[in-house]
Amino acid sequence: MKLGILIASARPNRVGSHVAQWVTEHVDPAWDLDLIDLGAVSLPNFDEAFSPKQGEPYAHDHTLTWSDRVSALDALVIVTPEYNGSIPGSLKTAVDYLHREWAELPVAVVGYGWGAGSGAIAEAERLLRFVGADVRGSVGLAFRQDLDVSGDLTVRPEQTGALGALLRSLESVAVAARQG
Ligand SMILES: Cc1cc2nc3c(=O)[nH]c(=O)nc-3n(C[C@H](O)[C@H](O)[C@H](O)COP(=O)(O)O)c2cc1C
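Residues numbered from 1 in each chain as written. Predicted model: local features only at pLDDT ≥ 70, side-chain atom pairs only at ≥ 80, totals over all residues.

Participant: Can you break down the nonpolar core residue by residue, with the values?
Facilitator: Most often, soluble globular proteins have nonpolar side chains that are buried together. Ranked by internal contacts, the top residues of the largest apolar core, which has 48 residues, are Leu 6, Val 77, Ile 78, Val 79 and Val 110. Residues in contact with Ile 78, not counting those within four places in the same chain, are Leu 6, Ala 8, Leu 91, Val 107, Val 109, Val 110 and Ala 124. (Core = buried A, V, L, I, M, F, W, Y, C linked by C-beta atoms within 7 Å. Buried ≥ 20, exposed ≤ 12 C-beta atoms within 10 Å, placed from the backbone. Contact = placed C-beta atoms within 7 Å.)

Participant: Break down the site of the ligand for me, with residues and values.
Facilitator: Lining the immediate environment of the ligand, one finds 14 residues, of which Ser 9, Arg 14, Gly 16, Pro 81 and Gly 113 sit closest. Grouping the amino acids of the shell around the ligand by side-chain chemistry returns five nonpolar, six polar and three charged. (Near = placed C-beta within 6 Å. Nonpolar A, V, L, I, M, F, W, Y, C, P; charged D, E, K, R; others polar.)

Participant: An account of the environment of Ala 116 is needed here, citing residue identities and associated values.
Facilitator: Tracing the backbone shows Ala 116 in the loop between strand S4 (106–113) and helix H5 (118–130). Not counting the four nearest positions on each side in its chain, Ala 116 is found in contact with Gly 111, Gly 140, Leu 141 and Ala 142. (Helix = DSSP H or I, 4+ residues; strand = E, 2+ residues; numbered from the N terminus.)

Participant: Provide a residue-level description of helix H4 (residues 89–96), including the pertinent values.
Facilitator: All of the buried residues along H4 are Ser 90, Leu 91, Ala 94 and Val 95. An end-on view of H4 places all buried positions within 130 degrees of arc, on one side of the element. On its buried face, H4 sits against helix H2 (38–41), strand S3 (75–81) and H5. (Arc of directions from axis to C-beta.)

If you want it as C-alpha cells, here you go:
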C-alpha cells in the first residue's frame, strides 16, 4: 500500500521539509512512501478547459501526471503551513486539478504555524471534504512549542501521539478499502 506525504510549501528554505521528515519517521515501514513535493510538481494555475468534475479527458501532460500520482495512493498526509490564515495556493491548485482521484481517499492533515496552523487545517479539511476525500483528522504544530522557524522540531508528546493515531487510522481505512 502506498502512502503519500505531501509537502505543500514550495519555498526553498521551507520548514515543511522538516515537518514531513517528522511524519516520515513515524510511518509504519510496511507502507510504500511517495514524498510529494508540490514545489517540484510545479503545477501552473489551473488551465484545463473543463472542470475535473465533468469527467472529460485531461488535456495536459501535467494534469495526467498529477492524476496518475494521486490515483496510485491508498492514503495521504498533507503537510501544510498556514499562509494568511489559510493554505498556500500551491495546495489549492493541486486539489483543484483533480476530482474523482480524491473520492474516498483517506487523508490526514498536519498543519503548522504560530497558532498551530489552525486556519490552514480548517481550510484544508474543508477543501478535502468538499472534493469527497475521507478526512480522518489533523494535528497542528505550533512555533515556540513544537518547532522553530529554522525547522528544528521539539514536538510535544500529545502531538506525536495524535500523529500516531492518525497514521493508524489511515492504515486501517486503507486496508479495509483494499479488502473491499
Ligand atoms: C505568505 C506567508 C503568509 C504567512 N501567513 C501566516 C499566517 O497566517 N499564520 C501563521 O501562523 N504564519 C504565517 N506565516 C509564517 C509561516 O508560518 C512560516 O513562514 C512558515 O515557516 C511557513 O512554512 P514553510 O517554511 O514550510 O513555507 C506566513 C508566511 C508566509 C510566507
